[in-house]
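Here are the chains, one letter per residue:
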Amino acid sequence: MTTLDERHGEGARDGDEPRGEVALGLAPAYGPATVPLQEPLAAVVAKAGSKAANLARAAGAGLPVLPGFVIPYQAQGDPHSLRRAWQALSDGGSRPLVVRSSSPQEDTEESSLAGQFTSVLDVRGWQDFRTAVRTVLDSARRADGSVAPMAVLVQPMLTARVGGVMFGADPVEGRTDRMLVSAVRGGPDSLVSGEQQGTNYWLSGRGRLLRTEAAEAEPLLTRRELFRLARLARRARQVFGGPQDIEFGFDEDGRLWLFQSRPITSMAARPSRRARLLGPGPVAETLPDQLLPLEEDLWVAPMARGIAAALDIGGTAPRRLLRSAPVLTTIGGRAATRRRLGAVPPRHRWLALLNPAPGARRLAGGGPGGGRLAAALPGLATDLVADVDRRLAEVPAPGDLSSAALGDELRWTRRALVSLHAQEALAGALLPQPPTSRTAAGTALAALTAARARGIPDHRIVATDPVVLSLTAPSLRNPLHLPNTSGGGTPPEADRDGILPPATGPDLPAEKTANPPHQPGFPTQKPGVRPPATPPGAARTEGLAERPARGGIHPGDAPAEKSARTSPASLPPREALRLRIRWVQELQVRLVREAARRVGADPARAGLMRWAELADALHGRGLPADLADRTAPAATPPLPDSFRLAGGGVVVAEGDGARGDGTRGVSAGRAVGTAWDGLAPRPPDPVLVVRTLDPGLAPLLPGLTGLVAQTGSPLSHLAVLAREFRLPAVVGVTDAVDRFPAGARLTVDGTAGDVRLGDGS
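One structure accompanies this document, and this report is about it. (Residues numbered from 1 in each chain as written. Predicted model: local features only at pLDDT ≥ 70, side-chain atom pairs only at ≥ 80, totals over all residues. Heavy atoms only, no water.)

Generally speaking, soluble globular proteins have nonpolar side chains that are buried together. Grouped together as the largest cluster of nonpolar side chains are 100 residues, with contacts concentrated most on Leu 614 and Leu 707. The dominant element in this core, judged by the number of residues it contributes, is helix H16 (residues 573-599), at 13 residues. Residues contacting Leu 707, with those up to four places away along its chain left out, are Val 687, Leu 688, Leu 693, Leu 701, Leu 718, Ala 722, Leu 727, Pro 728, Ala 729, Val 730 and Val 748. Of all hydrophobic cores here, the second largest spans 34 residues; its members include Val 35, Ala 52, Leu 220 and Phe 240. (Core = buried A, V, L, I, M, F, W, Y, C linked by side-chain atoms within 4.5 Å. Buried < 20%, exposed > 50% of the residue type's maximum accessible area, 1.4 Å probe, protein only. Helix = DSSP H or I, 4+ residues; strand = E, 2+ residues; numbered from the N terminus. Contact = heavy atoms within 4.5 Å.)

Structure follows, in C-alpha cells:
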C-alpha cells in the first residue's frame, strides 16, 4: 500500500472531469461508474473483483464492514457520478479515504496474489483521489506485459487502535481447530508489509487463549477482544464456506471492523489422527543415503521382513499388525521405521530394537519360551554365520555365472539377509552385551589403521581385511571409500571396482595371485569345517577371516596371524551377524553390476530398475521399455527425527512438544568440550554433534571428548564403540545439529543423558 507522496502524476484540474473519466478507464460502455457495496452487483467477482465482492458478501451477512463503493472493471456511467460518490463517502473531502485494488485474479482459493497490486491510503481531496485511482489501475500492468482485470474499492480510512491479521485456522500446523492472530498498534498495513513484528495469539476454535508470543511488554488485545475475533472468524467461515485470512482493526471506540477476507491458500499438511509415528532411527546408520529403487528392494525389503519376523518370534506385536503395515519403509528413497509397535513392556534394559524410546518396538523376550530362545540364540547365530560363510566361499566370480545363476545368487542373498536381520534383531534384544564387548566397527577401525601402517594400499585392504567393509555403507552408484583414520581431511579416493578384489568385478584388470580367480573374494572358512567351540555369548567365526579366500583376496603382506584387536574372530553374535549382512550386501553390488552388463543395461541406470524387472531381464524377458527415460529420484533432505505422513506422502515433523526418542545417555561419563560437526577444523576438545550415529564416523571417535546425536540406539555400532572408547555419548537430542553449532561449548553427561550449552558451571 502507498500514501499520497508515493503516487505518480499530478492529476487533472477540477474542470477536466470528462477527460479524467476516460483516463481512469471508464470510457467503455460496460456498466455504471460506481456501485455501492450494499448492492448485488458489488458481490459479482467478474465486475467488482474478489476483494470488493468478498466484503460485499460479508456486509450482506451482517459482518462489520465499513461502507464504500466499487469502480467496476470496464465501468462507465454518468461522468459526474464518480465525483458524487466520492463527495458522499468523503463528506465533501474532509474524510480521508483508502483506495484499494480489487482484481478477480486476487484473493481466490488458488492464489491470493497478496501485495501484487497497489492500494493507496490516506487519500484527501478530489485530485488526490483521481491520482490514487489511476495508480491502482496502473498496477494491473504486470511484469510479463499482461494486464489484469482491475476494479477499484473505495472505503473510509479508519484510524485503528489495534489492527492485524487473523487466520481462521492454523496454517503453520495445518490445524483447522486452531486460530492464529497477529496484532500490531495501528492498522494491519505495517504488519502485512513486514515493517512490524506482531504479537501472536493462538486460540482454540471457541476463542480460548492457548499461547502468546508477545512483541511488546503491554498486551495489545484483551481476552474479550480475542473472543470477539474468534467469533468473527467462525462467522466468516460460515459465510464463505471455509476458514478465512482476515485483516481486522479495532477503532478508538472499541468497535471491531473487517477490512478484508479471503480464503487461506496455503495450509500446512496435517497428518490424520491415525497416522503412524515414523523416524529414521538407527536404520539411518545402516542405510544413511538416499536409495535407488533397486537398492530399496535389495536392502530395505529384506530388512523389513527380518525385523517383522523377529518381532513375531519375540511376541512383541500381533501378526495382524505386522501384516497391515511394514515396520520399515522408504520415503523419498530414505529408510524410515515405525516408532511405536506393540505394547509389550520391556523386561530388559536394552530391548529397543529400532529405537530407544520407551514404549517403542520391543522384543520383550517374555513368555514361556523367552528364556529358551535367548539360550539358543548364540548357537543359532553360529550356525547361520557358518552357513553364510560357506555359501560366500562357494559363489563363483560373477563373470563366471550364467544369467540364470546370477538371478539365483541374488535371490539367495535376499533370503540370507532376511535371516541375518531377524537373528541380529533378536540377538540385540535378548543377549546381554557387556559395555566393553568388541564390535565389528571397532575391529574394522583397528584393522584399517594397522593395514595402512603396513603400507597396504586402499585398493588391497578390502582383500586383506574385509572386516573394513563394516565402516562403509552399501551403494550401487557411489564409489566405495574407506574412511580416513586421521580424523580430518578427505578420504583416499578409489572407485568401488578399484577397491574390490580384481577377480570379483566385471571389468577389472587381471592381477596375479596365488589363489584361484573364480571366487567372489570374501574371506571364509573352508566348506564342511566346523569352527571350534567358543564360550557362550560369542559367535564362533574364526574361519571367516583367518583363512585365505580363493577369489583373489589373501593376506598379502599382512602378518600370518592377526592380532585379536584386528581380527573379526570371536565377535559377539550380534556383531558377527552385522558383519555378514554387510558382506552379503557387497556381494549383491558385484552381482548387480555383472547382471547389468549381461542384460545390456547401463550400469549407472541399473539401480533405477526394481528387483522383479532385473530378474525378468536375467531370464531373457528384456529390459523395461522406459528404462532409458527413467531419472534418478530428486534429492531429498534427511528425514526429521520424528514425523508422520500427511496426504500425498508429505512428511510432517513432530512439533517441539514431541521429543520422539527422548534424550538418553548411551555411554557413561561426563565431559566438557567444543561442539564439532566433523567438517570444520578439529578443536582440541571436540564434542562431535551429528544427526545420526553413522558407522562411517567411527574413525573420528579416537580423541573425541564427547558424542551427541539427534537419533540413535544404545545398541548401534557407534554407541557400542563409544563405550569401548569410554566416550560420553548422548542420543535422542532433538535438533542437536541446529542447537549446538560448531564452536559452542558443551557439557555432555552420558550417565544422566544430558547435554547443555556451557562448561557446566
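In the structure shown here, the tally under the stated rule is 2 cavities of 30 Å³ or more. The volume enclosed by the largest cavity comes to roughly 60 Å³. Forming the boundary of the largest cavity are Leu 287, Pro 288, Asp 289, Gln 290, Leu 291, Glu 295, Ala 473, Pro 474, Ser 475, Arg 477 and Asn 478. The residue inventory of the lining of the largest cavity, partitioned by class, reads 5 nonpolar, 3 polar and 3 charged. Here the second largest cavity is characterised by a volume of approximately 40 Å³. Along the walls of the second largest cavity sit Leu 476, Val 592, Arg 593, Ala 596, Pro 603, Ala 606 and Gly 607, which together make up its complete lining. Residue composition of the lining of the second largest cavity, by class: 5 nonpolar, 1 polar and 1 charged. (1 Å grid on protein atoms, 1.4 Å probe; cavity = no way out; pocket = protein on both sides within 12 Å on 5 of 7 lines; lining within 4 Å. Points joined across faces, edges and corners; volume = space filled by probe spheres on them. Nonpolar A, V, L, I, M, F, W, Y, C, P; charged D, E, K, R; others polar.)

Moving on, we get to unusual backbone geometry. Trans peptide bonds make up the majority, and among non-glycine residues the majority have a negative phi. Even without being glycine, Arg 726 reaches a positive phi, approximately 55°. By the element assignment, Arg 726 lies in the loop between helix H18 (717-724) and strand S21 (729-731). Within the chain, Asp 735 stands out as a residue other than glycine whose phi angle is a positive 55°. A residue is classified by how much of its surface remains accessible, and Asp 735, at 35% relative accessible area, is partly exposed.

In this section: the environment of Leu 292. With respect to the helices and strands, the residue Leu 292 is situated in the loop between helix H7 (283-286) and helix H8 (293-314). Between the C-alpha atom of Leu 292 and that of Pro 633, which follows or precedes it by 341 residues, the distance is 7.3 Å. Contact partners of Leu 292, with chain neighbours within four places excluded, come to Arg 477, Gly 607, Leu 608 and Pro 633.

Bringing the sheet that holds strand S5 (residues 151-156) into the picture now. One open sheet accounts for 5 strands, arranged S1-S2-S5-S3-S4; its pairing is antiparallel. Both outer strands of the open sheet, strand S1 (35-36) and strand S4 (120-123), are each paired with one neighbouring strand and no more. Inspection of the sheet shows strand S3 (residues 97-102) paired to S4 by 2 bridges, in the antiparallel sense. Within S4, the residue paired with Val 99 across the bridge is Val 120. Packing against the sheet, helix H4 (residues 126-138) makes contact with strand S2 (69-71), S3, S4 and S5, and its axis sits at approximately 20° to S3. (Pairing = 2+ DSSP bridges. Axes fitted to C-alpha atoms, helices over the stretch in contact; angles between N-to-C directions.)

A word on the packing of aromatic side chains. The full count for this structure, using the stated rule, is 3 aromatic pairs. What links up through ring pairs into an aromatic cluster is the set Trp 86, Trp 126 and Phe 129. (Phe/Tyr/Trp six-rings, centres within 6.5 Å; stacked < 30°, edge-to-face > 60°.)

The sheet built from 6 strands is open, its strands ordered S9-S8-S7-S6-S10-S11 with antiparallel pairing. Two strands close off the open sheet at either side, each with one partner strand: strand S9 (209-213) and strand S11 (256-263). With strand direction ignored, the average angle separating the axes of adjacent strands in the sheet is 20°. This element, helix H6 (residues 223-240), spans strand S6 (160-167), strand S7 (178-185), strand S8 (199-204), S9, strand S10 (244-251) and S11 of the sheet and lies at about 140° to S10.

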